[in-house]
Amino acid sequence: MTSPQKKTIFSGIQPSGTLHIGNYLGAIKQWVRLAADNTGYFCIVDEHAITVPYEPKDMPERILNLAATYLAAGINPDQSIVFVQSHVAAHTELAWLLMTTTPFGELARMTQFKDKSKQLSKKNKAGLPAIASAESGATAGLFGYPVLMAADILLYQTRIVPVGEDQVQHIELARDIAQRFNNRFGEVFTIPEAKINNNTARIMSLSDPTKKMSKSDNTKSYIALTDSPDEIKIKIMSAVTETDPVFSFTKSGPAVKNLLTIYQAFSDEEPSAIEAKFNGKGYKEFKEALAQLVINQLSPLQQEYKKLRQSDDELRIMLGRGKHHAEQFANTTLRDVKEKMGLL
Ligand code: TYM
């Protein structure tokens, strides 16, 4: 499917609940732009989502919701390959093979593993569901998570991985894994590169601008893609700000800078035009304009999402096609890897 000018793009999101505008601005918006001129693989990474406690009965719905979100946000399944990670067995198989080449110490350095295992250990102490040792709460699956992510990327000879900033360390590891493999066993893998959008790589929480926006925080700290106009308005009006109204991408404090960044990302206006527009105005006026902008920009996505969620069947058929395409490519890479590793 890849012509010489086209690059292969791969990215994924975990079906672990509501998506927020951080996911949209940091990741999905970039995907849509890149997918127009390249070969895009957009995966629903369900095998990553099960590395922390979850409710099995909710998972099928979450997977379909996420597939509908990809499409509603502008991914065209006739141009790109949209599929579910667990439908393509090559992902876990390659992950195992790469696990045998990945030093334990490299995985132990991953900041997301450290953060997530800390959170799990707190939850376990609070009596919430434990899935592993009561002491750490972290499973071997959570530890090996970045290797599965490397397998996702490397199976498709990916050049570009559009993500938010929190995933860059994982992609650096995928590069190291690929380079080490190529040196030890012979050239198989393309070396991937992370692509972050500098402005929106890290959208911050509305209630605490020192933390990134995250669905695991309180609901007022993020705007979900499915929030109603009223919810969006309430959340933006109650977002924290600094004391004096200064609307400057360089001189404002972190809370206002974050709101300005969200304004810029949704409006695509020049920063200087936005600064001029709100110069001398108060926070109330700015926040009202921001809320209206976010409501207007999310509205087409929300309408399309509702339409797509009316039928599971069409989404399942689309995912079946995605599986078929992805599997063909992935199995070719996997065969090559096994041969190079000397497996009979
Ligand atoms: P996940 O599901 O946590 O997040 C999905 C995407 O959203 C980005 N993101 C943000 N961007 C800007 N500001 C924020 N506050 C913010 N929060 C989240 C993330 O950086 C990500 O791009 N490990 C991945 C999923 C994955 C993957 C892959 C990604 C699995 N295999 C292969 C790329 C390639 C993850 O947990 O994303």
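Here's what I pulled together on the structure shown here. All of these numbers come straight from a predicted model, not from anything done at the bench.

## Considerations on the packing of aromatic side chains
- Scanning the model with the defined rule gives 19 aromatic pairs in all.
- Consider the rings of F247 and F286, whose centres lie 4.9 Å apart with planes at 55°: the pair is tilted. Here F247 is found in the loop between α9 (229-237) and α10 (254-267), whereas its partner F286 is found in helix α12 (residues 283-308), with 39 residues between them in sequence.
- Taking relative accessible area as the criterion, F286 reaches 0% and is therefore assigned buried.

## Focus on the site of the ligand
- Contacts to the ligand come from 26 residues, most closely from Q14, Y145, D152, D166 and I203.
- Here an oxygen atom of the ligand sits 2.7 Å away from a polar atom, N or O, in the side chain of Q14.
- A distance of 2.7 Å is found between a nitrogen atom of the ligand and a side-chain nitrogen or oxygen belonging to Y145.
- Within the complex, the protein chains bury 96% of what would otherwise be the 720 Å² of accessible surface of the ligand.
- Those elements giving two or more residues to the shell around the ligand turn out to be β1 (8-13), α1 (21-35) and α7 (140-154).

## Topic: the side chain of N38
- The residue N38 is located in the loop between α1 and β2 (39-44) in this model.
- Taking the relative accessible area as the measure of exposure, N38 reaches 13% and is therefore buried.
- A distance of 3.0 Å separates the side chain of N38 from the backbone nitrogen of K7, its partner in a polar contact.
- There is a polar contact of 2.9 Å between the side chain of N38 and the backbone oxygen of L34.

## Remarks on the pattern of salt bridges
- One pass over the full model with this rule turns up 17 salt bridges.
- K211 serves as the salt-bridge partner of D217, at 3.6 Å between the closest nitrogen and oxygen.
- Here E288 ties to K284 by a salt bridge, and the two come within 3.3 Å at their closest N and O atoms. Placement of both E288 and K284 in helix α12 is noted, with a separation of four residues, approximately one turn of the helix.
- Looking at E288, the relative accessible area reads 32%, which means it is partly exposed.

## Some remarks on the side chain of H20
- Structurally, the position occupied by H20 is in the loop between β1 and α1.
- Looking at H20, the relative accessible area reads 5%, which means it is buried.
- Contact partners of H20, with chain neighbours within four places excluded, come to M213, S214, K215, Y222, I223, A224 and L225.

## Things to note about α10
- With 14 residues, α10 should cover 20 Å at 1.5 Å per step; its first-to-last C-alpha distance of 20 Å lies within 8% of that length.
- When you tally the buried positions in α10, you get 12 out of 14 residues, the bulk of the element.
- Listed as buried for α10 are A255, V256, N258, L259, L260, T261, I262, Y263, Q264, A265, F266 and S267.
- Just past α10, the residue D268 takes up positive phi, approximately 55°.

## So, helix α4 (residues 90-99)
- Of the residues making up α4, those classed as buried are A90, H91, L94, A95, L97 and L98. Along the axis of α4, the buried residues cluster in a sector spanning 165°; they form a single face.
- At its buried positions, α4 is contacted by β1, α2 (46-49), β3 (81-84), α7, α8 (168-185) and α13 (312-340).

## What about unusual backbone geometry?
- Although it is not a glycine, Q157 adopts a positive phi angle of roughly 50°.
- Looking at the element boundaries, Q157 is found in the loop between α7 and β4 (160-162).
- One non-glycine residue, D268, lies in positive phi territory at about 55°.
- Along the chain, D268 turns up in the loop between α10 and α11 (271-278).

## A short note on a positive patch on the surface
- A cluster of basic side chains, namely R109, K114, K118 and K122, defines a positive patch on the protein surface.
- You can see K122 is positioned in helix α6 (residues 111-125).

Reading the values: the criteria
- Residues numbered from 1 in each chain as written.
- Predicted model: local features only at pLDDT ≥ 70, side-chain atom pairs only at ≥ 80, totals over all residues.
- Heavy atoms only, no water.
- Phe/Tyr/Trp six-rings, centres within 6.5 Å; stacked < 30°, edge-to-face > 60°.
- Helix = DSSP H or I, 4+ residues; strand = E, 2+ residues; numbered from the N terminus.
- Buried < 20%, exposed > 50% of the residue type's maximum accessible area, 1.4 Å probe, protein only.
- Near = heavy atom within 4 Å.
- Polar contact = N/O pair within 3.5 Å; in protein donor to acceptor, adjacent residues only side chain to side chain.
- Areas by Shrake-Rupley, 256 points an atom, 1.4 Å probe, with all protein chains shown as cover.
- Salt bridge = Lys/Arg side-chain N within 4 Å of Asp/Glu carboxyl O.
- Contact = heavy atoms within 4.5 Å.
- Expected span 1.5 Å × (residues − 1).
- Arc of directions from axis to C-beta.
- Patch = residues over 30% accessible without salt bridge, like charges linked within 9 Å, V, L, I, M, F, W, Y side chains within 5 Å.
- Lys, Arg positive; Asp, Glu negative; His and termini not counted.
- Charge placed at Lys NZ, Arg CZ, Asp CG, Glu CD.

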